[in-house]
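# Fold and geometry: a report
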Amino acid sequence: MLLDGRRLSPVQHRIADYLSEHLDEAIFLSSVELAERAGVSQPSVTRFAMVLGFTGYPELRQALRPLVLGGGAESPHESLLRTAIDCEIRNLAAVRERLSHFPLKELGEHLAATEPLPVLGLRTSCGLATTFAYYARRIHPDVRLLVHGGSELAEGLHAAQRSGAEWVVAVVLPRYPAETLQALEYATKLGLRVAAITDRAGLPAEVVLDAPVGDGFVFNSHAAPLMLAMALVEAMAEAVPLRTRARLEEYERMTEETGTFLTGDPA
């Protein structure tokens, strides 16, 4: 048994009790979902897995699966991948169920109207911020990507505000850099309104678009936050359809003239 000889805290006993009583469903839960069901924090679930000798909860969950499903022909890697994909499907379904709660249309109108539009994302949030900024630039005349911290970040926010910006889009995904929260507070002090794409509520932002992240691998995956980011770009495009069409047509002419993309069969 995994628990033999282990000295567990009361919180860890609570997790162990939940697993023993609900193992058939627990092997499909994320660490966040297990924490909610067991009435503990998500870090407590991670520490519980580490006490049992695993690198994290995904590895523990993987070890528990054969107890319910049997050995089967599926390799451990395939099983881990399938579980992670199932988690992302649930995350996307959660976003779909909450669509009416997100003010995407109104926010898209605000962001389309503000110029310039600063987009902030540090560390792991840099990737999604860069993707959002890349597509937003196709339909918006002045998008400024801020992915470096320190004084450069403060200067970028200050320059955007001085140039007429009214909003800033911030991508805030785990782990959450303290510098990001400081930047949001500074942006608010400058008079900028903050729209956050994140996985948690309660951020210092006027609008929070929150979607769960996948924790089936060693590092989180961001399918659901990415979907919200692309939905926000779509809302920006719909807010100013004539400008969107003109900018997209101009972009296509430029890429054709410069041979930016391959055409036909690259072979």
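A short tour of the structure in this document, coming up.

### Focus on the environment of Asn91
Among the structural elements, Asn91 can be located in helix H6 (residues 76–97). Sequence separation of Asn91 and Leu23 is 68 residues, and the distance between their C-alpha atoms is 21 Å.

### Considering the pattern of salt bridges
One pass over the full model with this rule turns up eight salt bridges. Two residues, Arg90 and Glu33, come together in a salt bridge whose shortest N-O distance is 3.3 Å. Remark: Glu33 occurs in helix H3 (residues 31–38) and Arg90 occurs in helix H6; sequence separation between them is 57 residues.

### A look at the packing of aromatic side chains
Evaluated as defined, the whole model comprises one aromatic pair. Measuring from centroid to centroid gives 5.1 Å for Tyr134 and Tyr135, while their planes differ by 90°, and the two rings are edge-to-face. Its guanidinium or amino end placed over the ring of Tyr134, Arg138 lies 4.9 Å from that ring's centre, counting from NZ or CZ. The ring of Tyr176 has Arg200 lying over it, and the distance from NZ or CZ to the ring centre is 4.6 Å.

### Brief notes about the packing of helix H1 (residues 10–21) against helix H4 (residues 42–51)
Relative orientation of the contacting elements H1 and H4 amounts to 85°, with a least axis distance of 10 Å. Comparing the axis directions of H1 and H4 gives the class roughly perpendicular. Of H4, the residues touching H1 (which contributes Val11, Gln12, Ile15, Ala16 and Leu19) are Ser44, Val45, Arg47, Phe48 and Val51. Partitioned by chemical class, the residues of the contact of H1 with H4 number seven nonpolar, two polar and one charged.

### Regarding a nonpolar patch on the surface
Side chains of Leu81, Ile85, Ile89 and Phe217 sit close together on the surface and give an oily, nonpolar patch of about 340 Å² of accessible area. Relative to the helices and strands, Leu81 is located in helix H6. Among the residues examined, Leu81 registers a relative accessible area of 37% and is labelled partly exposed.

### Examining the pairing of strand S3 (residues 167–172)
Burial of S3 is extensive: six of the six residues sit out of reach of the surface. What you see with S3 is no split at all: Trp167, Val169 and Val171 on one side and Val168, Ala170 and Val172 on the other are buried throughout. In terms of strand pairing, strand S1 (residues 117–120) meets S3 through two bridges, oriented parallel. Within S3, the position partnered with Val119 by the bridge is Val169. As judged from the six bridges shared by S3 and strand S4 (residues 193–198), these two strands associate in the parallel manner. Considered in S4, the bridge of Val168 is made with Val194.

### A closer look at the side chain of Ser30
Tracing the backbone shows Ser30 in the loop between helix H2 (23–26) and H3. By relative accessible area, which is 5% here, Ser30 ends up buried. If sequence neighbours within four positions are ignored, Ser30 has contacts with Tyr57, Arg61, Cys87, Arg90 and Asp215.

### Some thoughts on helix H12 (residues 241–258)
Taking 1.5 Å as the rise per residue, H12 with 18 residues should run 26 Å; its terminal C-alpha atoms sit 26 Å apart, in good agreement. When H12 is considered as a whole, its buried residues turn out to be Thr244, Tyr251 and Thr255. Within H12, the buried residues cover an arc of 35° as seen down the axis, which keeps them to one side. Projecting away from the buried face of H12 at angles above 90 degrees are the exposed residues Leu242, Arg245, Glu256 and Glu257. Against the buried residues of H12 lie helix H8 (126–139) and helix H11 (223–239). Phi turns positive one or two residues past the end of H12, at Gly259, with a value near 65°.

### Considerations on the packing of H1 against H3
Running from N to C, H1 and H3 cross one another at 100°; their axes reach a closest spacing of 10 Å. Judged on the interaxial angle alone, H3 and H1 are roughly perpendicular. Of the residues in H3, those touching H1 at Arg14, Ile15, Tyr18 and Leu19 are Leu34, Arg37 and Ala38. Looking at the contact of H1 with H3 residue by residue, the classes come out as five nonpolar, no polar and two charged.

### Details of the sheet that holds strand S5 (residues 207–210)
Pairing is parallel in the open sheet, where five strands are placed in the order S2-S1-S3-S4-S5. On the outer flanks of this sheet lie strand S2 (143–146) and S5, each paired with one strand and no other. Strand after strand, the sheet turns through a mean of 20° between neighbouring axes, direction not considered. In terms of strand pairing, S4 meets S5 through four bridges, oriented parallel. Across the sheet, Ile197 pairs through a bridge with Leu209, a residue of S5.

What counts and how
Residues numbered from 1 in each chain as written. Predicted model: local features only at pLDDT ≥ 70, side-chain atom pairs only at ≥ 80, totals over all residues. Heavy atoms only, no water. Helix = DSSP H or I, 4+ residues; strand = E, 2+ residues; numbered from the N terminus. Salt bridge = Lys/Arg side-chain N within 4 Å of Asp/Glu carboxyl O. Phe/Tyr/Trp six-rings, centres within 6.5 Å; stacked < 30°, edge-to-face > 60°. Lys NZ or Arg CZ within 6 Å of the ring centre and 35° of its normal. Axes fitted to C-alpha atoms, helices over the stretch in contact; angles between N-to-C directions. Parallel < 35°, antiparallel > 145°, perpendicular 65-115°, else oblique. Contact = heavy atoms within 4.5 Å. Nonpolar A, V, L, I, M, F, W, Y, C, P; charged D, E, K, R; others polar. Patch = residues over 30% accessible without salt bridge, like charges linked within 9 Å, V, L, I, M, F, W, Y side chains within 5 Å. Areas by Shrake-Rupley, 256 points an atom, 1.4 Å probe, with all protein chains shown as cover. Buried < 20%, exposed > 50% of the residue type's maximum accessible area, 1.4 Å probe, protein only. Pairing = 2+ DSSP bridges. Expected span 1.5 Å × (residues − 1). Arc of directions from axis to C-beta.

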